[in-house]
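Close look at the chain arrangement
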Amino acid sequence: MISVAINGYGTIGKRVADAVAAQDDMKVAGVSKTKPDFEARVAIEKGYDLYVSIPEREKLFDEAGIPVSGTVEDMLEEADIVVDATPEGIGAKNLEMYREKGIKAIFQGGEKHDAIGLSFNSFANYDESLGADYTRVVSCNTTGLCRTLKPIDDLCGIKKVRAVMVRRGADPVQVKKGPINAIVPNPPTVPSHHGPDLKTVMKGVNIHTVALLVPTTLMHQHNIMVELEDPVEADEIKARLDETTRVMLVRASEGLASTAEIMEYAKELGRSRNDLFEIPVWEESINVVDGELFYMQAVHQESDAVPESVDAIRALLELEEDNMKSIMKTNRAMGIL
Ligand code: NAD
């Protein structure tokens, strides 16, 4: 049984911890917190060993009556591998500590590809991370693009992709972020970084993206246009996406006409935290016009890349050589459709 440390128990870290705990070939060695807040208390109630990220703050945890098992360095001693889910840029700084400890590490999409040297998606390039010391699970948006573009590329080849990424202004818990009443080209420069990020896992794909921020916290939404190598009918694309795991076709005609209704569907599925690990694609939006494919999809930014972190653990530790075996194992444990 592999022991996994989670450094940074926030939006992504707490989901990765639960996803790891659900697997039968790995367990949580511990989770780390910077503050003795409600998440720290819940982590203890869930049975996770809690470690402090900033040693000088241990006293604050004592005062709050939240027991800790030591510092992050102590946690790393208990683990075979660490998933770093600290805020953007901190993961790359932690790399030195992981190197000194001789522990393998998985980073999140907020880190730059060049800082880690390798990026990961379960479908596109699992093999590249087999046995590696470090890898980076690409961001929620890039994971979303990869989930649908990879099966389309496999089906009929991709000549060129253009995508307009409508991004949520903040996660639901981020009360100080916005915009509240504006549409913000973000970045204002064109193209955005999402295309180059996709190329770190889907090598050679010809893609350019533009992105904007809007006042919503629920999901991102992508509008994707693909020039295809081989002619296909829209129905063949629908069938391929329908049979692709971690992708789901949804119908506006069934009341799933918006990200709000899709999040309501996730609640109906009874998922913990209302998570939607799958990428929903609006079936009605899939159309081929003059050899160009159009479709629209959404991304639950807080959860879509979480199963990829579990697969990345298996790749780095060579627990599973075959990506589909890991994907199906992760899916079964997490109840993914
Ligand atoms: P978050 O702020 O919700 O959680 C980060 C956690 O790390 C917090 O609990 C924070 O207290 C803790 N932390 C801060 N400094 C630390 C340190 N020095 N050592 C250990 N822990 C520390 O952030 P998040 O949204 O979970 O993002 C984590 C990573 O995942 C980032 O790289 C981000 O870009 C990426 N990501 C985020 C989303 C998203 O939508 N939230 C989606 C995909 C990927």
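Residues numbered from 1 in each chain as written. Predicted model: local features only at pLDDT ≥ 70, side-chain atom pairs only at ≥ 80, totals over all residues. Heavy atoms only, no water.

**Some thoughts on the sheet that holds strand 1 (residues 2-7)**
How we decide: In this analysis, strands are considered paired if DSSP registers two or more bridges between them. Numbering of helices and strands starts at the N terminus; helices are DSSP runs of H or I of at least 4 residues and strands are runs of E of at least 2. The criterion used for residue contact is that any of the two residues' heavy atoms lie within 4.5 Å. Working convention: axes come from line fits to C-alpha atoms, limited for helices to the stretch in contact. Angles between N-to-C directions cover 0 to 180 degrees.
Pairing within the open sheet is parallel, and its 7 strands lie in the order 3-2-1-4-5-7-6. Either end of the sheet is taken by a strand with one partner, and the two such strands are strand 3 (50-52) and strand 6 (119-120). Relative to strand 7 (residues 134-137), strand 6 is paired through 2 bridges, and the arrangement is parallel. Note on strand 7: the bridge partner recorded for serine 119 is arginine 136. In this fold helix 1 (residues 11-22) packs onto strand 1, strand 2 (26-33) and strand 4 (81-84), with an angle of close to 160 degrees to the strand it touches most, strand 2.

**Focus: the site of the ligand**
We apply this condition: Near residues are defined by distance, with any heavy atom within 4 Å of the molecule or strand qualifying the residue. Distance and chemistry together define a polar contact, namely a pair of N or O atoms within 3.5 Å, with one atom able to donate a hydrogen and the other to accept it when in protein, and with adjacent residues in sequence counting only for side-chain atoms on both sides. Method for areas: the Shrake-Rupley scheme with a 1.4 Å probe, in which residue coverage is limited to the protein chains shown. Side-chain classes are defined by residue name, with Ala, Val, Leu, Ile, Met, Phe, Trp, Tyr, Cys and Pro counting as nonpolar, Asp, Glu, Lys and Arg as charged, and the others, Gly among them, as polar. Note: domain ranges come from an automatic or database domain assignment.
Around the ligand sit 21 residues in total, of which Thr11, Ile12, Thr34, Arg168 and Asp171 are the nearest. The separation between a nitrogen atom of the ligand and a polar side-chain atom of serine 53 is 3.5 Å. Within the contact set of the ligand, a nitrogen atom lies 2.6 Å away from a side-chain nitrogen or oxygen of aspartate 171. Taken by itself the ligand offers 830 Å² of open surface, and the protein chains cover 81% of this. Elements with a contribution of two residues or more to the shell around the ligand: helix 1 and strand 2. Along the lines of polarity and charge, the residues of the shell around the ligand split into 6 nonpolar, 11 polar and 4 charged. Mapped onto the domain boundaries, the shell around the ligand takes at least three residues apiece from domain 1 (2-138 + 305-334) and domain 2 (140-299).

**Observations concerning the pairing of strand 12 (residues 247-250)**
Our working definition: Burial here depends on accessible area, computed with a 1.4 Å probe over protein chains only, as a share of the maximum for the residue type. Under 20% is buried, over 50% is exposed, and the range in between is partly exposed. A right-handed crossover is one whose linking path, passing over the helix from the first strand to the second, runs clockwise when the strands point away from the viewer.
Alternating positions in strand 12 separate into two faces, Val247 and Leu249 on one and Met248 and Val250 on the other, with burial throughout. Summarising the sheet, strand 12 and strand 13 (residues 279-282) pair through 4 bridges and their orientation is parallel. Across the sheet, valine 250 pairs through a bridge with tryptophan 282, a residue of strand 13. As for the winding sense of the linkage, the β-α-β connection from strand 12 through helix 10 (residues 259-268) to strand 13 is right-handed.

**Brief notes about the packing of aromatic side chains**
Applied cut-off: Ring geometry is summarised as follows: Phe, Tyr and Trp rings, the Trp one being its six-membered ring, pair when their centres sit within 6.5 Å, and such pairs are stacked at plane angles under 30 degrees, edge-to-face over 60 and tilted between the two.
Per the counting criterion, the structure on display carries 3 aromatic pairs. Taken together, a centroid distance of 5.9 Å and an interplanar angle of 45 degrees make the contact between tyrosine 98 and phenylalanine 107 tilted. As far as the burial class goes, tyrosine 98 and phenylalanine 107 line up, both buried. With a centroid separation of 5.9 Å and 55 degrees between ring planes, the pair formed by phenylalanine 120 and tyrosine 126 is classed as tilted. Taking relative accessible area as the criterion, phenylalanine 120 reaches 0% and is therefore assigned buried.

**A closer look at helix 2 (residues 38-45)**
The α-helix winds at 3.6 residues per turn, so residues separated by three or four positions along the chain end up facing the same way. Selection rule: Here the arc refers to the set of directions running from the helix axis out to each C-beta atom.
All buried positions along helix 2 are accounted for by Glu39, Ala40 and Ala43. Angularly, the buried residues of helix 2 cover 105 degrees about the axis, an arc narrow enough to put them on a single face. Opposite the buried face of helix 2, by more than 90 degrees, sit the exposed residues Phe38 and Glu45. At its buried positions, helix 2 is contacted by helix 1, strand 2, strand 3 and helix 3 (58-63). Just downstream of helix 2, glycine 47 is the residue with a positive phi angle, here 95 degrees.

**What to know about the domain arrangement of the protein chain**
What counts here: Summed over both partners, the accessible surface that disappears when two parts come together, traced with a 1.4 Å probe, is what is meant by buried area.
Under the domain assignment used here, the protein chain contains domain 1 (2-138 + 305-334) and domain 2 (140-299). The gap between the C-alpha centroids of domain 1 and domain 2 is 26 Å. Tallying the contact residues gives 27 residues for domain 1 and 17 residues for domain 2. In total, about 1,800 Å² of surface goes out of reach between domain 1 and domain 2, with carbon and sulfur atoms giving 52% of it.

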